[in-house]
Amino acid sequence: MKLEREEAVEIATKECENNAVIVCTTGMLSRELFEYRANNNLGHGKDFLCVGGMGHASQIATGIAIDQIDRPVYCFDGDGSSLMHMGSMAISGTKKLSNLIHIVFNNGCHESVGGQPTVAQKISLSQVALSLGYKFAKTVEDEIEFVDAIDKAKNSQSTSFIEVLVRPGHR
């Protein structure tokens, strides 16, 4: 059974190293990351929330990963954002950055602006990522697979991509 997006955000955040940067796309993902950090008194100093910058999170994360090569960088992205700027995935994928993990939370819709459907669950974003140069790419839909994929991505020695299929909806 697919995870709720908010649950998947918590899982991913818990798996991040203490010194990791999280660049998070606009909309519900940023809200849920912000609330998780606030509710657990974790602070927001390591997060860059791309409020109003749909589709740009992966390039911001790539720039940080290039500049801070010894620091883990995670991009929390949405399916709509990824589809909007797929050319950005080609740039990220060909950079061979061992410190960049691009995670797409795929609920098949633009949830923050009314739930309009995307085509993202009709294609394999992980297969697209592989074709764009990512060396590790995996699609997951439960917690065990997700945690395992994050662990493998951390050890992949190149730019990694994880597509986590989540249910639409939010509290």
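Residues numbered from 1 in each chain as written. Predicted model: local features only at pLDDT ≥ 70, side-chain atom pairs only at ≥ 80, totals over all residues. Heavy atoms only, no water.

Enquirer: Looking at this model, I keep getting lost on the overall build of the chain. Mind explaining?
Expert: Each helix and strand counted, the chain has 7 helices and 9 strands in total. Against the globule reference of 16 Å for 171 residues, the chain gives a C-alpha radius of gyration of 14 Å, in line with a compact fold. Overall, the chain is about 40 × 35 × 30 Å in size when its C-alpha atoms are taken along their principal axes. By residue count, 50% of the 171 residues in the chain fall in the buried class. A fraction of 77% describes how many contacts in the chain between residues 6 or more apart in sequence connect residues 24 or more apart. Computed over 16 positive and 21 negative side-chain charges, the separation of the two mean positions in the chain equals 4 Å. (Helix = DSSP H or I, 4+ residues; strand = E, 2+ residues; numbered from the N terminus. Rg over C-alpha atoms; globule rule 2.2 N^0.38 Å. Buried < 20%, exposed > 50% of the residue type's maximum accessible area, 1.4 Å probe, protein only. Contact = heavy atoms within 4.5 Å. Lys, Arg positive; Asp, Glu negative; His and termini not counted. Charge placed at Lys NZ, Arg CZ, Asp CG, Glu CD.)

Enquirer: It is not clear to me how the environment of Asp 77 should be interpreted in this structure. Could you clarify?
Expert: Structurally, the position occupied by Asp 77 is in strand 4 (residues 73–78). Separated by 11 residues in sequence, Asp 77 and Ser 88 place their C-alpha atoms 12 Å apart. Setting aside anything within four residues of it in sequence, one finds Asp 77 in contact with Thr 25, Leu 29, Ser 58, Ser 82, His 102, Ile 103, Val 104 and Phe 105.

Enquirer: How do you make sense of the layout of surface pockets when you look at a structure like this?
Expert: Over the atoms, a rolled probe matching the size of one water molecule traces out where space is still vacant. By volume, the largest pocket is sized at about 270 Å³. Taken together, 19 residues line the largest pocket, and the ones lying closest to its centre are Thr 26, Gly 27, His 110, Glu 111 and Ser 112. Contributions of two or more residues to the lining of the largest pocket are made by helix 2 (28–39), helix 4 (79–84) and strand 6 (109–110). Here the lining of the largest pocket is composed, by residue class, of 6 nonpolar, 9 polar and 4 charged. Approximately 170 Å³ is the volume found for the second largest pocket. Along its surface, the second largest pocket is lined by Thr 13, Lys 14, Cys 16, Glu 17, Asn 18, Ala 20, Ile 22, Tyr 36, Arg 37, Leu 42 and Lys 46. Residue assignment for the lining of the second largest pocket shows that the elements contributing at least two residues are helix 1 (5–15) and helix 2. A per-class count over the lining of the second largest pocket returns 5 nonpolar, 2 polar and 4 charged. (1 Å grid on protein atoms, 1.4 Å probe; cavity = no way out; pocket = protein on both sides within 12 Å on 5 of 7 lines; lining within 4 Å. Points joined across faces, edges and corners; volume = space filled by probe spheres on them. Nonpolar A, V, L, I, M, F, W, Y, C, P; charged D, E, K, R; others polar.)

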